[in-house]
Amino acid sequence: PKQYKVYNYGNPLFRWHDSQSATLIPTVDGQEHDAEVIWSTQVKSTKDLAPAVAESMRIRLQRHEKIKPTRGKSHHDQIKATLGNFTQEELNEIDPDWKVFIIDGTDLGIGIWPYWYMENELAPLIGWKRINYAARTTITERNMGAWILAMINKEEPNLPFDGYLGSPMNFTQYLGKAFRSMHRLSLFVREDIVHAIQGYMKDNHPSAYGSANNGNEMDTNYQLSAAIAHLPRPMDVRTFWNATVCNHQCQFRNYIAELVHSIPDRHDGITTNTDVIGFIHGKGRQNVHPDYLKGMMTTKIIVLAQRDGYEDQLRFYEALLSGAMVLADPQIYWPHGIIDEENIVVYNSWIELELKILYYLNNEEERMIIGQRGREVALKHHRSWQQAEHLYLNDLTYKNDYGIFNKPW
């Protein structure tokens, strides 16, 4: 496949040291000004980006003999004055395959500042057609804490979530001024979890591991999916969280944990566990605790609940990798390939959560097939470099990842 150079300005979001992409190749020093190159930076580094892109545009204009060569670097104010002599159309035409991606991976977004900055500081320097924005925050007004209050006040345990999930944000006012395309950014699979599960299978289920191992790590992990989904799993249901560790935008998440904890009181023979296992918070995102890994690999159904005000969580991808059946609350934008009752199961109310737990505990093969497919879709589409390819190469096959605001280049 054709290869594209990627220049990471500042701290990259995608973890290139784990990348197995045959398409995206990190640049070496001096390549960042090549004609076809993808620049990428996290939104928090954007305020420092203007001098760097201005210098790159100056070099490109000299290469195209649009301005006279100068010795060494020019002062940023001098470059701005020079670039101010060019129209947006003229700037857009210089190395049109030079793309710049501003990526906001924060949970709640950082407001309207990035849009102002891209329109007023970056576009005048390099042209808006090469600027592309990607953010996790593409919905507004999600309020699952309000669902709890409404359900209690109405005494309606089957109250659906629909009216509390929020609605898509509208970015169209910025298209053609601040940037060319707007993308919905999903989180992605943690590679340390992939490797830890591979090691768990090798140590604890060597026969299954040996049957799947063909010498290619990616193929081996994928081929392990059936065996992992069909492992003996003595625990029926886990959440891996409770109110002792979650106090920020956690009303809904904690309420669901309480409901799961109480299921054995109503149904004999079902085992549930809401204990927090392993590392928590930042340490848990950077390290795989063996007890957490074992807990996932020995549980039939993992129940997830997102925070009150925003979508997506790393636990979603961790749970998929485990081969357990994932039972999750709804999202406005699902990651690519996620399909209810095919590779996950979605619950839309408290009563539906409990009924689906009972159903899938009594329908073992159906549950295990969903768990297998969930692991497969995570490995096939949601590793860090795969999502980088979808985003940077504008692959419209994956437009559902990013919402309705993605326009072809």
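What comes next concerns the included structure. (Residues numbered from 1 in each chain as written. Predicted model: local features only at pLDDT ≥ 70, side-chain atom pairs only at ≥ 80, totals over all residues. Heavy atoms only, no water.)

Let us look at the sheet that holds strand β4 (residues 99–104). Across the sheet, which stays open at both edges, the 6 strands sit in the order β2-β1-β3-β4-β5-β8 with parallel pairing between neighbours. Two strands lie at the open edges of the sheet, namely β2 (24–26) and β8 (181–184), each paired on one side alone. Taking the axes of each pair of neighbouring strands and ignoring which way they run, one obtains an average angle of 25° across the sheet. Taken together, the 4 bridges between strand β1 (residues 4–8) and strand β3 (residues 37–42) define a ladder with parallel strand orientation. What sits directly across from Tyr7, in β3, is Trp39. (Pairing = 2+ DSSP bridges. Helix = DSSP H or I, 4+ residues; strand = E, 2+ residues; numbered from the N terminus. Axes fitted to C-alpha atoms, helices over the stretch in contact; angles between N-to-C directions.)

In this section: the side chain of Arg136. Checked against the element boundaries, Arg136 lands in the loop between β5 (131–135) and β6 (139–140). A polar contact of 3.3 Å, which involves the side chain of Arg136, links it to the backbone oxygen of Gly105. Not counting residues up to four positions away in its chain, the partners in contact with Arg136 are Asp104, Gly105, Thr106, Asp107, Arg184, Leu185, Leu187, Tyr310, Glu311 and Asp312. (Polar contact = N/O pair within 3.5 Å; in protein donor to acceptor, adjacent residues only side chain to side chain. Contact = heavy atoms within 4.5 Å.)

Turning to the pairing of strand β9 (residues 235–238), a few remarks are in order. Moving residue by residue along a regular strand, the side chains alternate between the two faces of the sheet. Examined bridge by bridge, β9 and strand β11 (residues 299–304) share 3 bridges and lie parallel to one another. Pairing of Arg238 across the sheet is with Ile302, part of β11. As defined by bridge partners, β9 adjoins strand β10 (residues 272–273) across 2 bridges and the pair is classed as parallel. Opposite Val237, over in β10, you have Thr272 as the bridge partner. Tracing the backbone out of β9, into helix α10 (residues 251–266) and back to the parallel element β10 gives a crossover that is right-handed. (Right-handed = clockwise from strand over helix to strand, strands pointing away.)

Moving on, we come to the environment of Asp265. Within the secondary structure layout, Asp265 lies in helix α10. Take Asp265: its relative accessible area is 67%, and that puts it in the exposed class. When the C-alpha positions of Asp265 and Met182 are compared, they lie 48 Å apart, and in sequence the two are 83 residues distant. (Buried < 20%, exposed > 50% of the residue type's maximum accessible area, 1.4 Å probe, protein only.)

Moving on, we get to empty space enclosed by the protein. Tallied over the entire structure, the rule returns 1 cavity of 30 Å³ or more. Looking at the largest cavity, its volume works out to about 40 Å³. Together, Leu304, Gln306, Gln313, Phe316, Ala328, Asp329, Gln331 and Trp334 line the largest cavity. Split into classes, the residues belonging to the lining of the largest cavity amount to 4 nonpolar, 3 polar and 1 charged. (1 Å grid on protein atoms, 1.4 Å probe; cavity = no way out; pocket = protein on both sides within 12 Å on 5 of 7 lines; lining within 4 Å. Points joined across faces, edges and corners; volume = space filled by probe spheres on them. Nonpolar A, V, L, I, M, F, W, Y, C, P; charged D, E, K, R; others polar.)

Strand order in the open sheet formed by 5 strands is β10-β9-β11-β12-β13, with parallel pairing between adjacent strands. With one partner strand each, in any of the chains shown, β10 and β13 (345–346) form the two edges of the open sheet. In this fold helix α14 (residues 350–362) packs onto β9, β11, β12 (325–328) and β13, with an angle of close to 165° to the strand it touches most, β11.

Here we take up the packing of aromatic side chains. Both the distance between ring centres and the angle between the ring planes are used here to describe each pair of aromatic rings. Counting across every chain of the model gives 19 aromatic pairs. Counting every residue linked through ring pairs, the aromatic cluster contains Tyr115, Tyr133, Phe171, Tyr174 and Phe179. Sitting above the plane of the Trp98 ring, Arg60 keeps its charged end 3.8 Å from the centroid. The residue whose ring lies beneath Arg253 is Trp241, and the NZ or CZ to ring-centre distance is 5.9 Å. (Phe/Tyr/Trp six-rings, centres within 6.5 Å; stacked < 30°, edge-to-face > 60°. Lys NZ or Arg CZ within 6 Å of the ring centre and 35° of its normal.)

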